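The lines below spell out each chain.
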Amino acid sequence: MLARKSIIPEEYVLARIAAENLRKPRIRDRPRKARFIAKNGACNLAHKNIREKWRHTLVIFTMSFLCSWLLFAMMWWLVAFAHGDMDPSTENASNSTKWTPCVTCVRSFTSAFLFSIEVQVTIGFGGRMMTEECPLAITVLILQNIVGLIINAVMLGCIFMKTAQAHRRAETLIFSRQAVIAVRNGKLCFMFRVGDLRKSMIISASVRIQVVRKTTTPEGEVIPIHQVDIPVDNPIESNNIFLVAPLIICHVIDKRSPLYDISASDLALQDLELIVILEGVVETTGITTQARTSYVAEEILWGHRFVPIVTEEEGVYAVDYSKFGNTVKVAAPRCSARELDEKPSILIQTLQKSELSHQNSLRKRNSMRRNNSIRRSNSMRRTNSSLIVPKVQFITPEGSQSASET
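Residues numbered from 1 in each chain as written. Predicted model: local features only at pLDDT ≥ 70, side-chain atom pairs only at ≥ 80, totals over all residues. Heavy atoms only, no water.

Asker: Help me get a handle on the overall build of the chain, residues and values and all.
Answerer: A tally of regular secondary structure across the chain gives ten helices and 16 strands. Considering the chain as a whole, with its 406 residues, one finds that 29% of them fall into the buried category. Across the chain, the fraction of contacts at a sequence separation of at least 24, relative to all contacts at a separation of at least 6, is 62%. Total accessible area computed for the chain in this model is approximately 28,100 Å², and 58% of it derives from carbon and sulfur atoms. (Helix = DSSP H or I, 4+ residues; strand = E, 2+ residues; numbered from the N terminus. Buried < 20%, exposed > 50% of the residue type's maximum accessible area, 1.4 Å probe, protein only. Contact = heavy atoms within 4.5 Å. Areas by Shrake-Rupley, 256 points an atom, 1.4 Å probe, with all protein chains shown as cover.)

Asker: Explain the state of the cysteines to me, and be specific about the residues and the numbers.
Answerer: Applying the stated criterion to the full structure yields one disulfide. No disulfide involves cysteine 189; its sulfur sits 3.5 Å from that of cysteine 250, the nearest cysteine. (Disulfide = S-S within 2.5 Å.)

Asker: Break down the nonpolar core for me, citing the residues and quoting the values.
Answerer: Core analysis: the largest hydrophobic core is formed by 40 residues, its most contacted members being Phe190, Phe192, Leu274 and Leu278. Judged by nonpolar contacts, the second largest core, of 14 residues, contains Cys102, Phe115, Val119 and Cys134. (Core = buried A, V, L, I, M, F, W, Y, C linked by side-chain atoms within 4.5 Å.)

Asker: A description of a nonpolar patch on the surface should follow, citing residues and the corresponding values.
Answerer: A cluster of nonpolar side chains, contributed by Val59, Met63, Leu66, Leu70, Met74, Leu78 and Phe109, occupies part of the molecular surface with about 560 Å² of accessible area. Among the elements that line the nonpolar patch, the one with the most residues is helix α3 (residues 53-83), at six residues. Within the secondary structure, leucine 70 sits in helix α3. Residue class for leucine 70 comes out partly exposed when judged on its relative accessible area of 38%. (Patch = residues over 30% accessible without salt bridge, like charges linked within 9 Å, V, L, I, M, F, W, Y side chains within 5 Å. Salt bridge = Lys/Arg side-chain N within 4 Å of Asp/Glu carboxyl O.)

Asker: Can you tell me about helix α5 (residues 109-121), naming the residues and giving the values?
Answerer: A rise of 1.5 Å per residue sets the reference length of α5, with its 13 residues, at 18 Å; its end C-alpha atoms lie 18 Å apart and thus fit the reference within 8%. Within α5, burial applies to Ser111, Ala112, Phe113, Phe115, Ser116, Ile117, Glu118, Val119 and Gln120. The positive-phi residue at the C-terminal boundary of α5 is threonine 122, with phi of around 55°. (Expected span 1.5 Å × (residues − 1).)

Asker: Give me the lowdown on the pattern of salt bridges, citing residues and values where you can.
Answerer: Taken as a whole and judged by the stated rule, the model has five salt bridges. Lysine 187 is the salt-bridge partner of aspartate 341, the closest N and O atoms lying 3.6 Å from each other. Of this pair, aspartate 341 sits in helix α9 (residues 337-342) while lysine 187 sits in strand β3 (residues 187-196), and the two are 154 residues apart along the sequence. By relative accessible area, aspartate 341 is classed as partly exposed at 35%. Its salt-bridge partner being glutamate 279, residue arginine 208 comes within 3.7 Å of it at the nearest N-O pair. Here arginine 208 is found in strand β4 (residues 202-216), whereas its partner glutamate 279 is found in strand β8 (residues 272-282), with 71 residues between them in sequence.

Asker: Can you explain unusual backbone geometry? Please cite residues and give values.
Answerer: Even without being a glycine, cysteine 105 presents a positive backbone phi close to 65°. Tracing the chain through its elements places cysteine 105 in the loop between α4 (90-93) and α5. Positive phi is not limited to glycine here, since asparagine 185 has a value of about 55°. Summarising the element assignment, asparagine 185 is placed in the loop between β2 (179-184) and β3. A residue is classified by how much of its surface remains accessible, and asparagine 185, at 73% relative accessible area, is exposed.

Asker: Could you give me a rundown of the pairing of strand β5 (residues 222-230), with the residues and numbers involved?
Answerer: Examined bridge by bridge, β4 and β5 share seven bridges and lie antiparallel to one another. Bridging across to β5, glutamine 210 finds its partner in aspartate 229. Hairpin connection, β4 to β5: the antiparallel pair is bridged by five residues, and glycine 220 has positive phi, about 95°. (Pairing = 2+ DSSP bridges.)

Below you can see the structure in the form of structure tokens.
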């Protein structure tokens, strides 16, 4: 150390250390980026100055019944007026057997309105009732019953569609918490896993992937949420999936993909978010449901692959959901997909290195097993040698010696 200090000046050493520190990239804590889609599928977006649609639904629901009651009340009033039920001179005649009104106790528009409500909602207090005197009144009764049933069916269907039945069904559609990038069929692929926890299937299920990122146009316009659709590798032309068991959805990173120029080292620096949307029709109700999730750069594992979770046990396929999001490391080039297309030899070299490392690990395991077996055999020999009893001589009182083994 004294010789080195005497040969190299301290000023040069300090300058070199400072230069090396400047060359090293400093890792700083990045501010946490706001998510556009949360992990549970909820949209992280605040809507302002928008009228609530439930108000319109309730107003339509109320006005449909009220208008129908008023319309048929007017028709009942006209029937009673045309038949002469509202003539004051017929009040005394109604008590006799010669006079029979179309509807009893309908003397004004208010009573006609009450009778219209009783007919449509089948309350039937008993004070006002139909008679067989007027065929026109019977026709109006049938027409009001049909219209009332149609209004009830339509309104109940609207309320049922507005409820959270589809939302509850979407909660049983699960996604892997992390996505992976690995080599599949000689191409870098972005993959994630999706599954359905219920036995009732999702009909015509389809998966869409969108990349959301902040972009700037050549004119200088800043688009904070720029959405780009990316294709999904699906051999079926209709892009529908049969979600009877958990599936691994794959996106091939090619020239059309926004991930084409991103390498493993650049992934952590990217300000992007991949949104996954699963849509389908619920088999039991026929309602369209949608489940969503997203993956940011920190949740994408480069060089990993999902472990298999579907096994065949006694003629039945079993799904182990405890391993739903488990991954293992696999050989994958750290370069971008563009560099991999330009230099295919990178993939071959990566696979060769992984094969050599795998063989070396197997050799190490075999050597360790041999050493352990040798150690066990040596320990067994030592224990066996320690169990051998030496010969002991006993001297009798007469002075003779006798050798015996114990």
